[in-house]
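# Notes for the structure review
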Amino acid sequence: MQSFLNQLVYFGYFQSIFLLCIYLFSSKNRKNINGYVAFFVVVLAIGLSGRVLYISGIFGQEYKLVTFSEFATLLFGPTIYLFARSSLLNQYFSYKDILHYIPAVFYNIAITILIILPSDQVLRARIESGEQYRIILLLVGIGLVFNITYYIFGLHVFVKFKKDIQNEVSYTLKTQFFLNFLIAIGICLSCWFTMYILSILGFQILNRLTWQIVWLSIACIILFIAFYGMKEPQLFKITPLITAKKYTQSKLSTTDLDRLKSQLEVLMQEKKPYLNNKLLKAELAEMLGVSNPEMARLLNENIGMNFFEYINYYRIKEFVSLARSEKAKNLTFFGLAQEAGFNSKTTFNKSFKKLMGTSPSEYFNNQIS
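Every residue gets a number counted from 1 within its own chain, in the order that chain's sequence is written. Reporting of local features is limited, given that this is a predicted model, to residues whose pLDDT is at least 70; pairs of side-chain atoms are given and counted only at 80 or more, and all residues count toward the totals for whole chains, interfaces and linings. Remark: hydrogens and water are excluded; side-chain values derive from all non-hydrogen atoms of the structure.

Going by an unreviewed UniProt entry, the protein chain carries the name AraC family transcriptional regulator and comes from Aquimarina mytili.

Next comes the structure, spelled out in structure tokens:
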């Protein structure tokens, strides 16, 4: 088992070096790939370098070399958060972001002072007294809490994005790949937490094995993300969220809102903008002659729907109308849904069931009977 894990360490390390070379020397890939993905690979290379040096035996069986890999511990969490923010909110790197990595500097100084610099004699004395074990538990605990905290920040960005984007776009964004990435990292952090609890309970052998598996799992995830980031860069170029400003900038009265509601209903019936399966709220606001914040206020306060729900309400009405027309003889339900403006079968089915209380097939079967 250990021999197999060592081979995976070599594989992950050399693949990370290979990807970094591609990133550095290929202007095309450097332009396409998210900068935080590249930094992920740098962190991975740092994290695996100590283990590679140790298992290769180049400097003998110096166990302190493995400790060198701990320098990457507090770099993962902030990078996950910043990667999520840049991909979902289109917020790119600024010098303020360096502040997120300052704890890693102090953490690495502590590792250097407490583990790397002391002599073997001092370390043996600490091990015998149990002091070294307590130091390692403290450092691992800090790394665990720090990374889980930043992971939660990243997850919060994703959840908030999914919620807010429904006020801006009328279609389903392809975020499943990003969600799978967050789930995989979450599983690794859960294993890390389990490993930490087991170490406290005294399961040292299982602890070492689990720790290596966690490290290698993270390595595989990062390599997978990096390869796909170069092959399919659009996966991380999600449509940026157009954030509506506060309603306080809207000076519309209640009477104005009622008038605009009537005008919007006429617009939807006559021009049918919902047939555009990539319709944005900003585009509909322009057609109505109001600002984006005013459109948001009209939908949320006067109509009682977010933009996503409102547009799909009209698409469902259009679908029902098409399903009762001659077109229904030549098209499937989803074909008709696409004609009505839907770009996703899942979104269509969910929207239909939410509005009608049943699936499309059940609805029309009941109509016939």
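Moving on, we get to the overall build of the protein chain. Comment: elements are numbered from the N terminus, with helices defined as DSSP H or I runs of at least four residues and strands as E runs of at least two. Scanning the protein chain for helices and strands turns up 17 helices and zero strands. When accessible area is computed with a 1.4 Å probe and restricted to protein chains, residues below 20% of their type maximum are described as buried, those above 50% as exposed, and intermediate ones as partly exposed. Out of the 369 residues belonging to the protein chain, those deemed buried represent 46%. For the protein chain, the accessible area works out to roughly 19800 Å², and carbon and sulfur atoms hold 62% of it. Computed by Shrake-Rupley with a 1.4 Å probe, the accessible areas treat only the displayed protein chains as cover when residues are assessed.

UniProt positions are given in the numbering used here, feature names are shortened, and annotations may be inferred rather than shown by experiment. When the UniProt feature table is mapped to this numbering, "transmembrane region" (unreviewed entry) covers residues 7-27, 33-53, 65-84, 104-123, 135-158, 178-201 and 213-230. With 95% helix and 0% strand, the stretch residues 7-27 has end C-alpha atoms that lie 31 Å from each other. In residues 135-158, the share of helix is 100% and the share of strand is 0%. The end C-alpha atoms are 35 Å apart.

Turning next to the environment of Phe181. Within the secondary structure, Phe181 sits in helix α9 (residues 176-200). Looking at Phe181, the relative accessible area reads 3%, which means it is buried. Note on contacts: a residue pair is in contact if any heavy atoms of the two residues lie within 4.5 Å. For Phe181, the residues in contact, after removing those within four places along its chain, are Phe40, Phe83, Ile221 and Ile225.

With that out of the way, let us pick up the packing of aromatic side chains. Only rings of Phe, Tyr and Trp enter the pairing, Trp through its six-membered ring, and a pair is recorded when the two centres are within 6.5 Å. The plane angle decides the type: under 30 degrees is stacked, over 60 is edge-to-face, the rest tilted. Applying the stated rule across the entire model yields 21 aromatic pairs. With a centroid separation of 5.4 Å and an interplanar angle of 35°, the aromatic rings of Phe83 and Phe178 are classed as tilted. Here Phe178 lies in helix α9 and Phe83 lies in helix α5 (residues 76-89), a separation of 95 residues in the sequence. Each member of the pair, Phe83 together with Phe178, is buried. Over the face of the ring belonging to Phe342 we find Arg315, whose NZ or CZ atom lies 5.9 Å from the ring centre. By the criterion adopted, a ring carries a charge over it if an Arg CZ or a Lys NZ lies within 6 Å of its centre and within 35 degrees of its normal.

A pair is scored as a salt bridge if a Lys or Arg side-chain nitrogen falls within 4 Å of a carboxyl oxygen belonging to Asp or Glu. Counted under the stated rule, the structure contains nine salt bridges. Note that Lys354 is salt-bridged to Glu309, the shortest N-O span being 2.9 Å. Of this pair, Lys354 sits in helix α16 (residues 345-356) while Glu309 sits in helix α14 (residues 307-323), and the two are 45 residues apart along the sequence. Here Glu309 falls in the partly exposed class, since its relative accessible area comes to 28%. Between Glu339 and Lys327 there is a salt bridge; the shortest N-O distance is 3.0 Å. Taken as a pair, Glu339 in helix α15 (residues 333-339) and Lys327 in the loop between α14 and α15 lie far apart in primary sequence, twelve residues in all.

Pairs of cysteine sulfur atoms within 2.5 Å are identified as disulfides in what follows. The final tally for this structure, using the stated rule, is zero disulfides. Distance from the sulfur of Cys188, which forms no disulfide, to the nearest cysteine sulfur (Cys191) is 6.3 Å.

What follows concerns a nonpolar patch on the surface. Within the patch definition used here, like charges are joined within 9 Å and nonpolar side chains (Val, Leu, Ile, Met, Phe, Trp, Tyr) within 5 Å, considering only residues with over 30% relative accessible area and no salt bridge. Together, Leu99, Ile102, Val105, Phe106, Ile109, Ile113 and Leu117 make up an exposed nonpolar region whose accessible area comes to about 710 Å². Relative to the helices and strands, Ile113 resides in helix α6 (residues 102-116).

Okay, unusual backbone geometry next. For residues that are not glycine, phi is negative in most cases, and the peptide bond is trans in most cases. The phi torsion at Lys272 lies on the positive side, around 50°, for a residue other than glycine. Of note, Lys272 is situated in the loop between α11 (254-270) and α12 (281-288).

Time to look at the packing of helix α8 (residues 131-164) against α9. In contact at an axis separation of 10 Å, α8 and α9 are set at 155° when each is read in the N-to-C sense. In this view, α8 runs roughly antiparallel relative to α9, as classed from their interaxial angle. The handedness of the crossing between α8 and α9 comes out as left-handed. Per-class residue counts for the contact of α8 with α9 are 19 nonpolar, five polar and no charged. In this analysis an axis means a line fitted to C-alpha atoms, helices contributing only their contacting stretch, and an angle means the value between N-to-C directions, from 0 to 180 degrees. The scheme is simple: roughly parallel for angles under 35 degrees, roughly antiparallel for over 145, roughly perpendicular for 65 to 115, oblique for anything else. Crossing chirality is assigned from the near helix's rotation relative to the far helix, an anticlockwise turn below a right angle marking it left-handed and a clockwise turn marking it right-handed. By the convention adopted, Pro, Cys, Tyr, Trp, Phe, Met, Ile, Leu, Val and Ala count as nonpolar, Lys, Arg, Asp and Glu as charged, and the other residues, Gly among them, as polar.

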